[in-house]
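What follows is the residue order along each chain.
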Amino acid sequence: MSILITGGAGYLGSHCCVSFLESGHEVVVFDNFSNSNPESLKRIEAITGKQPKFEHGDIRDQAALETALKRHDCEGVIHFAGLKVVGESLQDPLSYYDNNVIGTHRLLKALSTVGVHKLIFSSSANVYGEPRALPVTEDHSLNPGNPYGRTKLVVEDMLRDLSASDSRWRIGILRYFNPVGAHHSGLIGEDPLDVPNNLMPYFAQVATGRREHLSVFGNDYPTPDGTGMRDYIHVVDLVQGHLHAYEKLAELASPENCFCVNLGTGHGHSVLELVQAFERGANRPIPYQIVGRRAGDVAESYADTQKAKAFLSWSAERNLEDMCSDTWNWVRKNPLGYEPDANAED
Ligand code: NAD
Ligand code: WQD
């Protein structure tokens, strides 16, 4: 039997494919390449020696999902597919509700129709909004400050309602903090199709000379060096958390057939700490300028990791140096991302 990985060609999904293939699972990637490149699938094969099965499709297409689930005899789904840029969601909320909410609804309908009831969902720490207390526990209030986060919360609520309505469902909701880094091979990593919105991919492009300098969004936050602090988690640790979560689904029993767990390290690091760590990892300076705060940013956020440790028997192992050196290894080898002809041989 196989596991369907929606969005499996993307940043997190491609790393998840590697971990699941290496642990002996059969995987089927379901992706429309709206924010990814087919080359990532070849790289997954180069790392694992196994070719992931692939279905080109959109999660809003219920019939295509049903066909894929039946054709590959799927037993469960890891659901990454969706749109993820906070700023874009403010400009174009309907696309976010369409892809993230309607897309997930179609996926759940398809799963119900074919009789598959196991699902892991990619949620985000964004659903907490401005933290009222640190570290952020799973029972923190939910108050996302933007349409992207609200689509994640709507889907979470849909999943909780669904699992309460039908005891056959086994659902895991994972709230990611700030995933960064890349596979140590340097074959897969984050490949933004446009100007990066997030800190680490921006760094990476400054390090390769593709961008002149980093703009640090504010140094007047109530943090030790004044810059924003986040819980950065290595992507390989994050996807290992998915393996633990997927295995946990088999142990669940109604009425506790839906769980929600933070995936983070439990430690906050500032923007300037990241600058220093990246400079050490890449052995080159990262020029930066302090500019004003970015609207909507919070001063500090990091996860409470007790539930992940106790319930999933999982915790992150990689540190900030690993995150920076693996990111550097990826961009050094692929300065223009997955475009195969664009990169010089290493
Ligand atoms: P990504 O954009 O790299 O990957 C998403 C993949 O889904 C892409 O391959 C894209 O082509 C595909 N996709 C998008 N819409 C689709 C659709 N309608 N039908 C089929 N395929 C579609 O993003 P990522 O960083 O890998 O994030 C994966 C998931 O994790 C997303 O749901 C995101 O919201 C969530 N998440 C990401 C982060 C982060 O910082 N990367 C943090 C928290 C949560
Ligand atoms: C991190 C820190 C910025 C860029 C976002 C989403 C969240 C989740 C993860 C999906 C902040 C600072 C950034 C730059 C900077 N994604 N920064 N210069 O905002 O914590 O979280 O990604 O679910 O939902 O909101 O991550 O990487 O954008 O920012 O100074 O060019 O870096 O101000 O302090 P964020 P980020």
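Taking an unreviewed UniProt entry as the reference, the protein is identified by name as UDP-glucose 4-epimerase belonging to Roseibium sediminicola. Per UniProt, the protein carries the Sequence similarities (unreviewed entry) text "Belongs to the NAD(P)-dependent epimerase/dehydratase family."

*Asks:* Please explain the site of ligand 2 as it appears in this structure.
*Replies:* Close contacts around ligand 2 come from 18 residues, with Ser124, Tyr148, Ser215, Arg230 and Asp297 the closest. Between Leu199 and ligand 2, the recorded distance is 2.8 Å, taken from a backbone N or O atom to an oxygen atom. One of the backbone nitrogen or oxygen atoms of Ser215 is found 2.7 Å away from a nitrogen atom of ligand 2. Out of a free accessible area of 690 Å², ligand 2 has 87% covered by protein chains. Broken down by element, the shell around ligand 2 gets its largest block of residues, four residues, from strand 8 (residues 214–217). Grouping the amino acids of the shell around ligand 2 by side-chain chemistry returns eight nonpolar, seven polar and three charged.

*Asks:* It is not clear to me how the state of the cysteines should be interpreted in this structure. Could you clarify?
*Replies:* Note: disulfide means a covalent bond formed between the sulfur atoms of two cysteine side chains. Taken as a whole, this structure holds zero disulfides when the rule is applied. No disulfide involves Cys260; its nearest neighbouring cysteine sulfur is the one of Cys258, lying 7.5 Å away.

*Asks:* Which parts of the structure should I look at to understand the packing of helix 7 (residues 199–207) against helix 9 (residues 271–282)?
*Replies:* When two helices pack together, you describe them by how their axes are tilted relative to each other and by the distance separating the axes. Where helix 7 contacts helix 9, the two axes come as close as 11 Å, and the packing angle between them is 40 degrees. The angle between helix 7 and helix 9 places the two elements in the oblique class. The handedness of the crossing between helix 7 and helix 9 comes out as right-handed. In contact with Leu199, Met200, Phe203, Ala204 and Ala207 of helix 7, helix 9 contributes Val271, Leu274, Val275 and Phe278. Per-class residue counts for the contact of helix 7 with helix 9 are nine nonpolar, no polar and no charged.

*Asks:* For this particular structure, what's the right way to read the nonpolar core?
*Replies:* Ile78, Leu174 and Phe278 are the most contacted members of the largest nonpolar core, which totals 64 residues. A total of eight residues in this core trace back to one element, the largest contributor, which is helix 8 (residues 235–249). When neighbours within four sequence positions are excluded, Ile78 is seen to be in contact with Ile3, Leu4, Ile5, Thr6, Cys16, Phe20, Ile120, His242 and Tyr246. The next biggest cluster of nonpolar side chains, apart from the first, holds 24 residues, and it includes Cys74, Val77, Leu108 and Ala110.

*Asks:* Please explain the UniProt feature "domain: NAD(P)-binding" (unreviewed entry) in the protein as it appears in this structure.
*Replies:* Annotation from UniProt places "domain: NAD(P)-binding" (unreviewed entry) at residues 4–327. With 40% helix and 18% strand, residues 4–327 has end C-alpha atoms that lie 27 Å from one another.

*Asks:* Quick question: what am I supposed to make of the pattern of salt bridges here?
*Replies:* One side chain can pair with another of opposite charge once the charged atoms of both are near each other. Counted under the stated rule, the structure contains 17 salt bridges. Between Glu39 and Arg43 there is a salt bridge, and its shortest N-O distance comes to 2.8 Å. You can see Glu39 and its partner Arg43 sitting in helix 2 (residues 39–48), four residues apart, about one turn around the helix. Assessed through its relative accessible area of 13%, Glu39 is described here as buried. Within the structure, one salt-bridge network assembled from shared partners comprises Glu156, Asp157, Arg160 and Arg175.

Definitions and cut-offs
Residues numbered from 1 in each chain as written. Chains lettered and ligands numbered in written order. Predicted model: local features only at pLDDT ≥ 70, side-chain atom pairs only at ≥ 80, totals over all residues. Heavy atoms only, no water. UniProt positions renumbered as here; feature names shortened; annotations may be inferred. Near = heavy atom within 4 Å. Polar contact = N/O pair within 3.5 Å; in protein donor to acceptor, adjacent residues only side chain to side chain. Areas by Shrake-Rupley, 256 points an atom, 1.4 Å probe, with all protein chains shown as cover. Helix = DSSP H or I, 4+ residues; strand = E, 2+ residues; numbered from the N terminus. Nonpolar A, V, L, I, M, F, W, Y, C, P; charged D, E, K, R; others polar. Disulfide = S-S within 2.5 Å. Axes fitted to C-alpha atoms, helices over the stretch in contact; angles between N-to-C directions. Parallel < 35°, antiparallel > 145°, perpendicular 65-115°, else oblique. Left-handed = near helix turned anticlockwise from the far one by under 90°. Contact = heavy atoms within 4.5 Å. Core = buried A, V, L, I, M, F, W, Y, C linked by side-chain atoms within 4.5 Å. Buried < 20%, exposed > 50% of the residue type's maximum accessible area, 1.4 Å probe, protein only. Salt bridge = Lys/Arg side-chain N within 4 Å of Asp/Glu carboxyl O.

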